[in-house]
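Chain by chain, the residues run as shown.
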Amino acid sequence: MIKLTVNGQARTWDGDPSLPLLWYLRDEVGLTGTKYGCGKALCGACTVHVEGQAARSCITAMSDVAGQKVTTIEGLDPHGDHPVQKAWREINVPQCGFCQAGQIMQAAALLTQNPHPTHDQIRETMSGNICRCGCYQRIETAVRVAATGA
Amino acid sequence: MQQIIAPRIENVSRRAMLRGLGITAGLVLAAPVLSRRGMAAYSTGADKMPHGTVNDPRVFVSIAPDGIVTIIASRAEMGTGSRTSLPMVVADEMEANWDRVIVKQAPGDEVKYGNQDTDGSRSIRHFLIPMRQVGAAARMMLEAAAAKRWNVSITEVKAVNHEIVHTATGRKLGFGELANDAANEPVVEAAKLQLKDPKDFRYIGKGKVSIVDLRDITTGNAMYGADIRLPGMKYAVIARPPVVGGKLVSFDPKDAMKVPGVEKVIEVQGWPWPSKFQPLGGVAVIARNTGAAILGRDALKVVWDDGANAKYDSVSYRAELENAARNPGEVVRNNGDAEAALKSADKVVVGEYYLPHFAHVSMEPPAAVAHVADGKVEVWAPVQSPGGTREDLAKTLGISDKDVTVNVTLLGGGFGRKSKCDFVLEAALLSKAVGAPVKVQWTREDDIRHDFLHTVSVERIEAGLDKGGKVVAWRHRSVAPTIMSTFVAGAKHEAPFELGMGLVDLPFDIPNIRCENPEAAAHTRIGWFRSVSNIPHAFAVQTMVGELAHETGRDPKEMLLELIGPARLVDVGPSVKDLWDYGEPLSSYPIDAGRLRGVVELVADKGEWGRQVPKGHGLGIAVHRSFVSYIATIVE
């Protein structure tokens, strides 16, 4: 029996301990904001926070998060108004939107660890999150706006 | 079933506002009427598309007593914004306040909504005018209702920002207060519609409206195909024949069934290739979650018969295409005498360009949910072609269109892949087999292995130059398996719609032009991908221009402008029968060399053509007309 916390709520899992966290969140809990894009930690669409750190939920086994706090896009802010989410809306970042939860979770983790990232640090940290529509310039701008307010 | 899912699908956008304003159930103005067909103010190819366009306000607009205006988005949203922009056009024309508009996604029903094939870069081109007509008709019906209420002439009232105002007295009535009366007004016929003067637009062209799904996307609430969940739903992944044309021989489910969470292993019906968008068949693993289904599939033991394409090898296929490109093929355009001009040319430059297969790789791999029950099917899927999906579901299940409901979710990218509904048909077949709702999830590996791959191509261009370095002859051979091979066995030549994408519509001012299309047999499922055949054709033509500039020591931009020649409407000559112009009338959308020149000059200006670049860098310039749009690029 694995115990974990998801978006502040205590949960248990008595199924396969090797099940990727991604599928637990999406199919067992119903938190579908976290997306499946590749299953190999290559695209970043499945990014969540584990103990505040960005993690690729598609290669994180349930046994890896035993006793840990997991945060998904749905739990990032109770009102959906995390500074990164607000900046994303101000800059109109998304097109199709499918990668955006992962992008936002990656950016939010970055700003927690480094509230004032440089241009290069933003690019480096966000480089593992693929956007097929090509919203990269706006992603970069939005991360900067979330950090600096401008 | 409808009740379970309806709140999630229909209110995909602006859920927060829905809660806040408390929409009532009593929508009016919407009526189950037969559609008025749309009539564009200028001619487009829209009416040649299946089911054309519709401009009936009763189909697209409803107004609740509290004034909330619901506008139907009938085209699929995959990141281009048409789910926002077309309803926004309606809102602008009807003087609705965008903050009080809810966008609702239409299910697949082309008789009602007009064509829903969201492809071909034509949502705005084909639907701008019909949607303006919808908005204008709704506005004029509201105005007529207000004039009656006040017993004044209709010329004394006008719609302003969600209200009708009596201009003489300043009296106002909100849209909600007039909704019932307006619904009883006759629909204004197209010829009598008064469209807004563009200077009065509130939203169109202003760049101020964000996409309707913005908040949901940033909070994880936006619903894509893979996000639909129904009570009792099972999760499926499928092992498909690794080679197109192959089929299942036998399988052993024993090890798969040992995987925790796996519930069933069953065969999926496949269709012989080519079969348009029918499923490839194979073995499905049904589980309590997707992760278990994937592990179960990994544990499956399957024996395949690889069929006629077993030996297909892209390296030797490339050599085959190159050989074909070096020999004459079917002539698809001929001006002057390119053969003779090449022979007598001072210099001949040859370029040969190979492009491999491309996979679509949308961020959201194909996924769909289906529920088959009581002889009916309801699906939730990220499809670009909800109308076609409905027809194919009906055919595949042997039921009537009216027993098929296709709910269109957001698409996490489409690029033409999601025009092909094989993954939806798979979900329906599996739901029928297991007697429960089923979600089929394609893994990323499935997406790449079993895609309707973009054509692989060899393009060979021979250009003859005179002593002055002017191009006097151009022979372009394009060899590429055709999309038609996915529909018709043995199709080996590019279809008119492929030839028309940058090959036979070459806009160059060269006296001797010959385009040929040697045959190429397909060995994979060939499908359209983004700009389709423009990719290989434009890549070859524009790279060749760079090569010619290099050979002659000229500036590539000057070379390009010289080849385009003077501003004019390009006539490709009589050898091209019925030039395919993206399905549009050539009279509305001619090939305009002046516009090509214009975008070249514009990009040269913006991109600072000719600027100094660091050592080891270079600048390249290209221009192309794709889907009747003109595009120029500079790359460093």
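About the criteria used
Residues numbered from 1 in each chain as written. Chains lettered and ligands numbered in written order. Predicted model: local features only at pLDDT ≥ 70, side-chain atom pairs only at ≥ 80, totals over all residues. Helix = DSSP H or I, 4+ residues; strand = E, 2+ residues; numbered from the N terminus. Rg over C-alpha atoms; globule rule 2.2 N^0.38 Å. Buried ≥ 20, exposed ≤ 12 C-beta atoms within 10 Å, placed from the backbone. Contact = placed C-beta atoms within 7 Å. Core = buried A, V, L, I, M, F, W, Y, C linked by C-beta atoms within 7 Å. Axes fitted to C-alpha atoms, helices over the stretch in contact; angles between N-to-C directions. Parallel < 35°, antiparallel > 145°, perpendicular 65-115°, else oblique. Left-handed = near helix turned anticlockwise from the far one by under 90°. Nonpolar A, V, L, I, M, F, W, Y, C, P; charged D, E, K, R; others polar. Pairing = 2+ DSSP bridges. Expected span 1.5 Å × (residues − 1).

(A) Here's a closer look at the overall build of chain A. Secondary structure assignment for chain A yields 5 helices and 5 strands. Moving toward the C terminus, one meets the helices and strands of chain A in the order β-β-α-β-β-β-α-α-α-α. Its C-alpha radius of gyration of 15 Å places chain A within 12% of the 15 Å reference for a compact globule of 150 residues. Its C-alpha atoms put chain A at 45 × 25 × 25 Å along the principal axes. Taking all 150 residues of chain A together, 51% fall into the buried category.

(B) Spatial organisation of the overall build of chain B. Tallying secondary structure elements over chain B gives 19 helices and 22 strands in all. Here the C-alpha radius of gyration of chain B, 28 Å, is about what a compact globule of 636 residues would show, namely 26 Å. C-alpha extents for chain B along the principal axes are approximately 80 × 75 × 50 Å. Counting across all 636 residues of chain B, residues that qualify as buried make up 53%. Taking the intrachain contacts of chain B between residues at least 6 apart in sequence as the baseline, contacts between residues at least 24 apart amount to 78%.

(C) Region of the structure containing the nonpolar core. All names here are of chain B. Formed by 154 residues in total, the largest nonpolar core has its most connected members in Ala 236, Val 285, Ala 368, Val 379, Val 424, Ala 427 and Ala 428. Ranked by residues supplied to this core, first place goes to helix 6 (residues 123-150) with 12 residues. Once residues within four sequence positions are removed from consideration, Ala 427 is found in contact with Ala 368, Val 369, Ala 370, Val 379, Val 438, Lys 439 and Val 440. Grouped together as the second largest cluster of nonpolar side chains are 45 residues, Leu 503, Ile 526, Trp 528 and Ile 621 included.

(D) Main features of the packing of helix 2 (residues 83-90) of chain A against helix 5 (residues 136-148) of chain A. All names here are of chain A. Relative orientation of the contacting elements helix 2 and helix 5 amounts to 130°, with a least axis distance of 8 Å. As judged from the angle between their axes, helix 2 and helix 5 are oblique. Read as a crossing pair, helix 2 and helix 5 show a hand that is right-handed. The segment helix 2 lies against helix 5, with Pro 83, Val 84, Ala 87, Trp 88 and Glu 90 engaging Ala 142, Val 145 and Ala 146. Of the residues in the contact of helix 2 with helix 5, the class split is 7 nonpolar, no polar and 1 charged.

(E) Here's a closer look at the sheet that holds strand 5 (residues 163-166) of chain B. Residues and elements named next belong to chain B. The antiparallel open sheet is built from 3 strands, whose spatial order is 4-5-6. A single partner strand is all that each edge strand has here, and the edge strands are strand 4 (157-160) and strand 6 (172-174). Neighbour to neighbour, the strand axes of the sheet diverge by 25° on average, direction disregarded. Where strand 4 and strand 5 come together, 4 bridges link them in antiparallel fashion. Within strand 5, the position partnered with Ala 159 by the bridge is Ile 164. Running at roughly 130° to strand 4, helix 6 makes contact with strand 4, strand 5 and strand 6 of the sheet. Contacts from helix 7 (residues 175-184) reach strand 5 and strand 6 within the one sheet, and its direction differs from that of strand 6 by about 75°.

(F) Expanded view of the pairing of strand 21 (residues 620-626) of chain B. Residue and element names in this part refer to chain B. Where burial is concerned, most of strand 21 is hidden: 5 out of the 7 residues are buried. By the bridge criterion, 7 bridges tie strand 21 to strand 22 (residues 629-635) in an arrangement that is antiparallel. Bridged to Gly 620 within strand 22 is Val 635. The hairpin turn running from strand 21 into strand 22, its antiparallel successor, is 2 residues long, and Phe 627 in that turn takes a positive phi close to 50°.

(G) Fine view of the packing of helix 3 (residues 100-113) of chain A against helix 5 of chain A. Residue and element names in this part refer to chain A. For the pair helix 3 and helix 5, the least separation of the axes is 11 Å and the interaxial angle reads 40°. The angle between helix 3 and helix 5 places the two elements in the oblique class. In terms of crossing hand, the pair formed by helix 3 and helix 5 is right-handed. The segment helix 3 lies against helix 5, with Gln 103, Ala 107 and Leu 111 engaging Ile 139, Val 143, Ala 146 and Ala 147. For the contact of helix 3 with helix 5, the residue count by class is 6 nonpolar, 1 polar and no charged.

(H) Focus on the environment of B:Asp571. Mapped onto the elements, B:Asp571 comes out in the loop between helix 18 (556-564) and helix 19 (593-606). Sequence-wise, B:Asp571 and B:Asp509 are 62 residues apart; in three dimensions their C-alpha atoms are separated by 10.0 Å.

(I) Broad picture of unusual backbone geometry. Residues and elements named next belong to chain B. Each neighbour pair has its own omega, and for Trp 273 with Pro 274 the value is -5°, a cis peptide bond. Its location among the elements puts Pro 274 in the loop between strand 9 (262-268) and strand 10 (282-287). Here the phi dihedral of Val 532 falls at roughly 60°; this positive angle occurs in a residue that is not glycine. Tracing the backbone shows Val 532 in the loop between strand 20 (512-517) and helix 17 (534-552). What makes Val 532 buried here is the crowd of 22 C-beta atoms within 10 Å.

(J) Highlighting the interface of chain A and chain B. In this assembly, 34 residues from chain A lie in contact with 33 residues from chain B. Secondary structure elements with two or more residues in the side of chain A that touches chain B: helix 1 (21-29), helix 2 and helix 3 of chain A. Residue classes in the side of chain A that touches chain B are distributed as 15 nonpolar, 13 polar and 6 charged.

(K) Highlighting the sheet that holds strand 1 (residues 61-63) of chain B. Residue and element names in this part refer to chain B. Ordered by their spatial adjacency, 3 strands build an open sheet running 1-2-3, and the pairing between neighbours is mixed. For this open sheet the edge positions go to strand 1 and strand 3 (101-105), each flanked by a neighbour on one side alone. Within the sheet, the average angular offset between the axes of one strand and its neighbour, ignoring direction, is 25°. One ladder, built from 3 bridges, connects strand 1 with strand 2 (residues 69-73); its direction is antiparallel. Counterpart to Ile 63 in the pairing with strand 2 is Val 69. Contacting strand 1, strand 2 and strand 3, helix 4 (residues 82-94) runs over the sheet at an angle of about 135° to strand 2.

(L) Representation of helix 13 (residues 386-397) of chain B within the structure. Residue and element names in this part refer to chain B. End to end, helix 13 covers 16 Å across 12 residues, agreeing with the expected 16 Å (1.5 Å per residue, within 8%). Burial analysis of helix 13 places 9 of its 12 residues in the buried class, the great majority of the element. Those residues of helix 13 that sit buried are Pro 386, Gly 387, Gly 388, Thr 389, Arg 390, Asp 392, Leu 393, Thr 396 and Leu 397. The inward-facing, buried residues of helix 13 abut helix 5 (110-113), strand 14 (367-373), strand 15 (376-381), strand 16 (404-408) and helix 14 (422-434).

(M) Expanded view of the pairing of strand 10 of chain B. Residue and element names in this part refer to chain B. Most of strand 10 sits inside the fold, with 6 of its 6 residues counted as buried. By the bridge criterion, 5 bridges tie strand 7 (residues 234-239) to strand 10 in an arrangement that is antiparallel. Each residue of the ladder has a partner; that of Tyr 235, found in strand 10, is Ala 287. Where strand 9 and strand 10 come together, 6 bridges link them in antiparallel fashion. Its bridge partner lying in strand 10, Ile 266 is registered against Ala 284.

(N) Quick peek at the environment of B:Gly490. Residues and elements named next belong to chain B. Mapped onto the elements of the fold, Gly 490 is located in the loop between strand 19 (471-479) and helix 16 (496-499). With 9 C-beta atoms packed within 10 Å, Gly 490 lands in the exposed category. In sequence terms Gly 490 and Ala 520 are 30 residues apart; their C-alpha atoms lie 9.6 Å from each other.

(O) Quick peek at the environment of B:Phe497. With respect to the helices and strands, the residue B:Phe497 is situated in helix 16. The spacing of B:Phe497 and B:Gly52 is 445 residues in sequence and 19 Å in space, taken between C-alpha atoms.

By themselves, these figures tell us nothing about what the structure is for.
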